[in-house]
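Close look at the chain arrangement
Each chain, letter by letter, is given below.
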Amino acid sequence: MVDTYLFLLFCTQFQKPIRIMSKNLVIVESPAKAKTIEKFLGKDFEVMSSMGHIRDLSDKGLGIDFENNYEPQYIVSPDKKKIVADLKKAVKAADVIWLASDEDREGEAIAWHLAEELKLKKDNTKRIVFHEITKDAILRAIENPRDINLDLVDAQQARRVLDRIVGFEISPILWRKVRPALSAGRVQSVAVRLIVEREREINNFVAESSYKVSAIFTSKDTNGNPVELKAELSQRFATKEEANAFLESCKDAEFSVDNIEKKPAKKSPAPPFTTSTLQQEAARKLGFSVAQTMMVAQRLYESGKITYMRTDSVNLSNLAINTAKSEIIQIAGEKYVKIRKFSTKSKGAQEAHEAIRPTYMNAHSVEGTAQEKRLYELIWKRTIASQMADAELEKTNIYINISGSKHQFVASGEVIIFDGFLKVYLESTDDEQDTETSGLLPTMKKGESLTANEILAQERFTQRPPRYTEASLVRKLEELGIGRPSTYAPTISTIQNRKYVEKGDRPAEKRKYSELRLKDKKITESQKIENYGAEKAKLFPEDIGLVVNDFLVEFFPNIMDYNFTANIEKEFDSIAEGELKWNKLIDDFYKKFHPVVEDTLKNSERQVGERVLGIDPKSGRQLSVKIGRYGPIAQIGTPEEEEKPVFASLRKNQSIESITLEDALELFKLPRNLGEFEDKTMTVAVGRFGPYIRHDGKFYSIPKTEDPLEISAERAIEIIEEKRESDKNKVINVFGDKGEIQVLNGRYGPYIAFEKNNYKIPKNTDAATLTEEQCRELIASQADSMGKKKKTYTKGKKKA
C-alpha cells in the first residue's frame, strides 16, 4: 500500500515516468531513527545513518580562513571516513536522495554537509523534515519536500565559527596565565560565572534572625466537641525581648474571631514541555541530570514515541489537541476538558514546531527501559493536563483578635472544590522555602471566643540564596537568553567535565535557636538545635573555576557579559531568519575581540588565585593557598626565601576562597607515620586524587567518609588487607610471555585487558574457562571497531 502510494506520488512530483523499482536513499543522523523510519517505507527505500555530523572545522589551526571572509575549512572527521565512503556508494546507486536530518539548525547543517561532501545534485536531492516519527508524518514530509534552508545553515555555521574563535584564542592564554589544559567557551564560561557569583553571594551571606509566633487555639463545634485551630501571628519580632513582651501581653488576653474571609481561587495547568522545562521537571520529579533527560528523550523520539525533543515552542497541533480532548473525556469526563492554545513569547521560537508531546495521545505508557517509561509518563501527563480544566479552590482566612493588642493571628486553609487538571499532574518548583499547606479549617463564627492552648515564639533565620541545580541553572540561562535548547545539556556537561564545577552533596550543619513558650500563663525559654543547609545534587564551583572566572571577567569583560551572550543569540536568530549575513556578525565581533586577546597576552600576569592566610606559628613563615599544577594547594614560605616552600594539597571539600588559617595548618600534619606492618612503614598522606595510605611502595585509597588525620594503624591495616583481597578476586587469569593479557572482574562483569585497552567478553561465556587463544580471538574481533591493527593481537607475529 505504502509502495503504491509513493510510486504515484513520485510520478506526480517529477512529472515523468519512474521505474517501479526506483531506488530511494534516505539519510538520517542516527541508526535508531533509521530503524524506525524503515518500518514506514517500502522495499524501494534504503535508510542509512550519517551518525551525526560527518564534517567539522579542521583541527589544523583554527580551521577558519580569515583572509577569505572567515570561510570555514571543513574536513571529514577521521571516524566518519568509512561512513562517508559507504554513503557515496549508496548515492551512486540511488535515483533520489532524501535528506531527513532533524528540523533544527543543527539538523539543517548536517543535511548541508552531506549535500556538499557527497556532491549531491539539486535535481534529485530532497530535504524533508518532520517533528515526529510516525507513518503519517513521514509520508506527509515526502509529499512536501523542500530545499536546504541556507539561512538555518548559516546560523549554525556562525555559532560554530564564533565559538571556535573564542575557544581557540582564549584557551591558550589560560594555558600560559593560569594552568595548562584549560579551556574557555562563550556559553560555558558565562554559565560558570553564574555559579561562581552565586557561591560568593552565599559565602558573604549573613543570616538575620527574627521570631515567628504561632498559636494553637481550641473551641467547640456545634455538637460541643473540642476542635483545634492553628494560627500564625501576622508579623514577626526582630528580637527575643520583643517576642517575650508580646507573650507577656497574651497571658491575660482574650481571643476572639474578628473576621472570616472566604475567596474562590483557581490554578491553571502549565504549558506542554519545551526542552528547558522538560529538563527542569525531569530533574525535580525524576532526579534526572540534564544530559540524562536529553539522552532518554532522544531514544523516545527516535523510536517514534514523542515529538522532537529540542524545541522552545509550547504550541500543540490541532490533531494533538483533539486527541488529547478525546483522552480526557474518556478518563475523566467532559467537564474536565478546557482547550488551550499556548503561544511562545521568545522571538527565535517557531510556532510551526510543536512542544514535546507523545506522538499518540492514547498511549498512556510505552515499552522500554525504566527511564524511558518514567520520562514518557511525565510528558504524557503534562500534555494531557495542559488541555484540562482549571482546578477550583476555596481559600479561607480566619482573623483572630487579641484583647489589648494591635496584632492579629491568622489561620489559613485551602480546599479543592474541583480538582481539574490536578487529577493528572501538578508542576514542581525549585523553591526551597519551608512551605506548610493546610486543608479545611474548622467551622467558626464571627465573634466566637477562643482559648489559647499554647503560644510559641521560635527564632527563625533568613535563608541564604540557593545554589544552582542543573535544572535551575537551565532556567536561569533561559531567562537571560543565553544558549538555545540544543546547547543547555552540552554546556552543563562541559563545565563539569572540565572540572570548573562539581555536582555534589553537602551534609547539613547544626545551629542553636531559641524558643519561648507560653502555656498555662507561664513563659519558658529553651535552647534547641536544628539542622540546616543540607545540599543535594547542587553545583559548586571548583577552585580552578573560580580562578579562571576571575581572570576572564577581568580581561574579557565583554565575552563574560550576560547581555553580550544573549545579544549574540538574538543575532544568530536574525541570521536564521535571513535578516543578517553571518560573515558580518563574525567580522564585527572579531575586529573588537582579537585586539583584546593580543593585549591580554602582553600585559596580564600569571594568575593562581593566591590568598595569604597568615603566619605559620612554628616556622614564622607566610602561609598561603593557591592553584598548583595538580589542583589547589597550601604553601608555607615563598619562592623568594632561601628555604624552599613546603606544600600540602587541599582536601576535597576545601576551597582556596573559604579555607581558614586553622584548617590550612591541619593539612601540614600530613603525611603521618602510623608505624610498621609486615616490617614496612605505613604513611598517611593526601595526594592529587585524595587521601591514601602508602605501604611497601603501594598506595591504598582511604574511603571518602574517613578523615586521614584520624586513621589509626589498625584501620590502615584493614584498608590494606581489604584492597589486597579485592585485587586478588579481580584477576581471573593471566596469559602471555609477559602477562600482557589479563582476564579481570570489573564493575560491570568480566573483561579482557590488553595494552591499555579493555575488550568485552560475551555474556554467556564463562570467563574462567577462556584460553589464551580464545582471548586473542576476542581481542582481534574487536580491534577494528577500536581502530587497532589486527596483527598486533595475533600470537607469534611482530607488531606492525
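Residues numbered from 1 in each chain as written. Predicted model: local features only at pLDDT ≥ 70, side-chain atom pairs only at ≥ 80, totals over all residues. Heavy atoms only, no water.

Helix and strand content of the protein chain: 20 helices and 30 strands. With the principal axes as the frame, the protein chain shows a C-alpha extent of 100 × 80 × 65 Å. The buried share of the protein chain, reckoned over its 800 residues, is 48%. Accessible surface, the protein chain: about 42400 Å² in total, of which carbon and sulfur atoms supply 48%. (Helix = DSSP H or I, 4+ residues; strand = E, 2+ residues; numbered from the N terminus. Buried < 20%, exposed > 50% of the residue type's maximum accessible area, 1.4 Å probe, protein only. Areas by Shrake-Rupley, 256 points an atom, 1.4 Å probe, with all protein chains shown as cover.)

A separate point is the confidence of the model for the protein chain. Of all residues in the protein chain, 93% have pLDDT values of 70 or greater, and the mean over the chain is 89. Contacts for the low-pLDDT stretch residues 1–22, under 50 throughout, to residues beyond four places or in other chains number 38 contacts. For residues 789–800, every residue scores under 50 in pLDDT, and the model assigns this stretch 21 contacts once sequence neighbours within four places are set aside. (pLDDT = per-residue confidence, 0-100. Contact = heavy atoms within 4.5 Å.)

Quick look at the packing of aromatic side chains now. The final tally for this structure, using the stated rule, is 15 aromatic pairs. An angle of 75° between the planes, with centres 6.1 Å apart, marks the rings of Tyr74 and Trp112 as edge-to-face. Highlighted residues: Tyr74 in strand 6 (residues 74–76) and Trp112 in helix 4 (residues 105–117), separated in sequence by 38 residues. Among the residues examined, Tyr74 registers a relative accessible area of 17% and is labelled buried. A cation sits over an aromatic face here: Arg506 above Phe540, 3.8 Å from the ring centre. (Phe/Tyr/Trp six-rings, centres within 6.5 Å; stacked < 30°, edge-to-face > 60°. Lys NZ or Arg CZ within 6 Å of the ring centre and 35° of its normal.)

What follows covers the packing of helix 6 (residues 150–177) against helix 15 (residues 543–555). Any two packed helices are characterised by the angle at which their axes cross and by the distance between the axes. Across the interface, helix 6 lies against helix 15 with an axial gap of 12 Å and an inter-helix angle of 120°. Classed by the angle they form, the pair helix 6 and helix 15 counts as oblique. With respect to the hand of their crossing, helix 6 and helix 15 are arranged in right-handed fashion. Here Ile170, Ile173, Leu174 and Lys177 of helix 6 come into contact with helix 15, specifically with Val548, Phe551 and Leu552. Looking at the contact of helix 6 with helix 15 residue by residue, the class counts come to six nonpolar, no polar and one charged. (Axes fitted to C-alpha atoms, helices over the stretch in contact; angles between N-to-C directions. Parallel < 35°, antiparallel > 145°, perpendicular 65-115°, else oblique. Left-handed = near helix turned anticlockwise from the far one by under 90°. Nonpolar A, V, L, I, M, F, W, Y, C, P; charged D, E, K, R; others polar.)

A word on the sheet that holds strand 7 (residues 96–99). One open sheet holds the four strands; their spatial order is 2-1-7-8, and the pairing between them is parallel. Two strands bound the open sheet, and with one partner strand each, they are strand 2 (45–49) and strand 8 (125–127). The average angle at which neighbouring strand axes cross in this sheet is 20°, direction not considered. Where strand 1 (residues 24–28) meets strand 2, five bridges bridge the pair, whose relative direction is parallel. The residue bridging Val28 from the neighbouring strand is Ser49, located in strand 2. (Pairing = 2+ DSSP bridges.)

Following the sequence through the fold, Phe754 ends up in strand 29 (residues 749–754). Relative accessible area serves as the criterion here: at 4%, Phe754 is assigned to the buried category. Between the alpha carbons of Phe754 and Asp123 there is a distance of 51 Å; along the sequence they are 631 residues apart.

This part is about the sheet that holds strand 23 (residues 672–677). Read from one edge of the open sheet, four strands run 23-24-25-26, paired in antiparallel fashion. Pairing within the sheet leaves two strands with one partner each, and these edge strands are strand 23 and strand 26 (698–701). Mean inter-strand twist for the sheet, computed between neighbouring axes without regard to direction, equals 30°. Pairing of strand 25 (residues 690–695) with strand 26, which is carried by four bridges, proceeds in the antiparallel orientation. By the bridge assignment, His695 is partnered in strand 26 with Lys698. Its contacts with the sheet put helix 19 (residues 713–730) on strand 23, strand 24 (680–687), strand 25 and strand 26, and the angle it makes with strand 23 is roughly 65°.

On to the environment of Ile656, then. Along the chain, Ile656 falls in the loop between strand 22 (646–649) and helix 18 (661–667). Taking relative accessible area as the criterion, Ile656 reaches 3% and is therefore assigned buried. C-alpha separation for the pair Ile656 and Lys60, spaced 596 residues apart in sequence, amounts to 37 Å. Ile656 has contacts with Asp543, Val547, Gly609, Arg611, Val625, Lys626, Ile627, Pro632 and Leu650, leaving out every residue within four places of it along the chain.

This next bit is on the packing of helix 6 against helix 17 (residues 582–603). Across the interface, helix 6 lies against helix 17 with an axial gap of 11 Å and an inter-helix angle of 5°. By the angle class used here, helix 6 and helix 17 are roughly parallel. When helix 6 is examined against helix 17, the residues Asp154, Gln157, Ala158, Val161, Leu162, Ile165, Val166, Glu169, Ile170, Ile173, Arg176 and Lys177 are found in contact with a partner set consisting of Trp582, Leu585, Ile586, Phe589, Tyr590, Phe593, His594, Val597, Thr600 and Leu601. Split into classes, the residues belonging to the contact of helix 6 with helix 17 amount to 15 nonpolar, three polar and four charged.

With that settled, consider the pairing of strand 27 (residues 731–735). Here strand 27 pairs with strand 28 (residues 741–746) via four bridges, running antiparallel. Its bridge partner being in strand 28, Val734 is matched across the sheet by Gln742. Turn length for the strand 27-strand 28 hairpin, with the two strands adjacent in sequence and antiparallel, is five residues, and the turn residue Gly736 shows positive phi of about 100°.

Phe130, Leu174 and Leu375 are the most contacted members of the largest nonpolar core, which has 123 residues in total. It is helix 6 that contributes the most residues to this core, ten residues altogether. Setting aside residues up to four positions removed in sequence, Leu174 forms contacts with Arg179, Leu182, Ser183, Ala184, Tyr500, Val548, Phe551 and Leu552. By size, the runner-up hydrophobic cluster in this structure holds 28 residues, among which are Val213, Phe246, Phe255 and Phe409. (Core = buried A, V, L, I, M, F, W, Y, C linked by side-chain atoms within 4.5 Å.)

With that settled, consider the pattern of salt bridges. Per the stated rule, a full pass over the model turns up 59 salt bridges. Here Arg198 ties to Glu201 by a salt bridge, and the two come within 3.6 Å at their closest N and O atoms. Note that Arg198 and Glu201 are positioned in helix 7 (residues 186–204) at a spacing of three residues, about one turn of the helix. Residue Arg198 is classed as buried on the basis of its relative accessible area of 17%. (Salt bridge = Lys/Arg side-chain N within 4 Å of Asp/Glu carboxyl O.)

What follows covers the side chain of Arg159. Turning to its location among the elements, Arg159 is positioned in helix 6. Its relative accessible area of 14% is what places Arg159 among the buried residues. In this structure the side chain of Arg159 is engaged in a polar contact, spanning 2.7 Å, whose partner is the side chain of Glu569. Each residue touching Arg159, except ones within four places of it in the same chain, is listed here: Arg105, Arg186, Arg484, Thr487, Glu569 and Phe572. (Polar contact = N/O pair within 3.5 Å; in protein donor to acceptor, adjacent residues only side chain to side chain.)

In this structure, Pro671 follows Leu670 across a cis peptide bond, with omega equal to 0°. Relative to the elements of secondary structure, Pro671 occurs in the loop between helix 18 and strand 23. One non-glycine residue with positive phi stands out, namely Tyr70, at about 60°. With respect to the helices, strands and loops of the structure, Tyr70 is situated in the loop between strand 4 (64–65) and strand 5 (71–72). Judged by its relative accessible area of 6%, Tyr70 falls in the buried class. One non-glycine residue, Lys756, lies in positive phi territory at about 65°. On the basis of relative accessibility, which here comes to 87%, the residue Lys756 falls in the exposed class.

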